[in-house]
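Residue-level structural notes
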Amino acid sequence: MEIIIQPTALEATAIAARMVAAHLREKPDAVLGLATGSTPVSLYKELISMNLDWSGVTTFNLDEYIGLPCDHPQSYRSFMWENLFRHVNIRRENTHIPDGNAVDVPAFCRGYEDRIAAAGGIDLQVLGIGTDGHIGFNEPSSSLASRTRIKTLTQRTRDDNARFFGSVEEVPHHVITMGIGTIMEARQCLLLAFGENKTRAIAEAVEGPITASNPASILQMHPSARVFLDSESA
């Protein structure tokens, strides 16, 4: 695990963006795993400004709320099109986001794993981290070998995400998320964490024991994981 600390979130993000851009230039048909939430927004802005060629890129998103309409402003499908996809020349058919309205969620999850495998696996996975150490929506106590599946959000995560909704009552209780085992199969992982509220989660993930109590701690076992921090989160 490589820890990259910069004075500010923007400086750390700029380095991360250059690494993603270098990967896309080296492998124009790269398969990217993408995250949502407030943390990667500046990364996507930076990548948009680089005028990269996304025409051969395939993407798989980490997660999606269950039950939100696809066009709901807080759905992760809406997030990705607003913050990245509509600004670059990626092909719509090459973008994959979990379907939170699937009739048969377990069958959808199995199919999502199959599509990742059919694409050749994920080359580079972008990650954030929750204040409790979750990656994707793999909450504490998630199996470290888990695959794409339905998960129930903890009250802490719902409280953390309430700022994106009108109130915590509007935050869905369930999500589809890639599993930790799925994430660990990515050839590279790139985790961004900024702000003092992420300090404890990062300390436990980087320096603590590998435990399901902090799912991000499994990245200590990844052969190519980079963690980008600002001075506050570090």
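Let's talk about the environment of Val168
Along the chain, the position of Val168 falls in the loop between α5 (155-161) and β8 (174-177). For the pair formed by Val168 and Arg187, sequence separation is 19 residues and the distance between their alpha carbons is 36 Å. Not counting chain neighbours up to four residues away, the residues in contact with Val168 comprise Gln155, Arg158, Asp159 and Ala162.

Brief notes about unusual backbone geometry
Unusually for a residue other than glycine, Asn51 sits at a positive phi of about 55 degrees. Tracing the sequence through the fold places Asn51 in the loop between α2 (41-49) and β3 (58-61). Phi angles above zero are rare outside glycine, and Ser141 is one such case at about 90 degrees. Looking at the secondary structure, you find Ser141 in the loop between β6 (124-127) and β7 (149-152). Overall, Ser141 belongs to the exposed group, its relative accessible area being 61%.

Some points on the packing of aromatic side chains
Taken as a whole, this structure holds seven aromatic pairs when the rule is applied. Measuring from ring centre to ring centre gives 5.9 Å for Tyr65 and Phe137, while their planes differ by 45 degrees; the resulting arrangement is tilted. Of this pair, Tyr65 sits in strand β4 (residues 63-65) while Phe137 sits in the loop between β6 and β7; the two residues are 72 residues apart in sequence, bridging distant segments of the chain. Judged by its relative accessible area of 1%, Tyr65 is buried. On the accessibility criterion, Phe137 (3% relative accessible area) is buried. An aromatic cluster is present here, built from Tyr65, Tyr76, Phe137 and Phe165 joined pairwise through their rings. Taking NZ or CZ as reference, Arg92 lies 4.1 Å from the ring centre of Trp81, over its face.

Considering the nonpolar core
Core analysis: the largest hydrophobic core is formed by 74 residues, its most contacted members being Trp54, Tyr65 and Leu191. Ranked by the residues each element gives to this core, the list is headed by helix α1 (residues 9-26), at seven residues.

What counts, and at which threshold
Residues numbered from 1 in each chain as written. Predicted model: local features only at pLDDT ≥ 70, side-chain atom pairs only at ≥ 80, totals over all residues. Heavy atoms only, no water. Helix = DSSP H or I, 4+ residues; strand = E, 2+ residues; numbered from the N terminus. Contact = heavy atoms within 4.5 Å. Buried < 20%, exposed > 50% of the residue type's maximum accessible area, 1.4 Å probe, protein only. Phe/Tyr/Trp six-rings, centres within 6.5 Å; stacked < 30°, edge-to-face > 60°. Lys NZ or Arg CZ within 6 Å of the ring centre and 35° of its normal. Core = buried A, V, L, I, M, F, W, Y, C linked by side-chain atoms within 4.5 Å.

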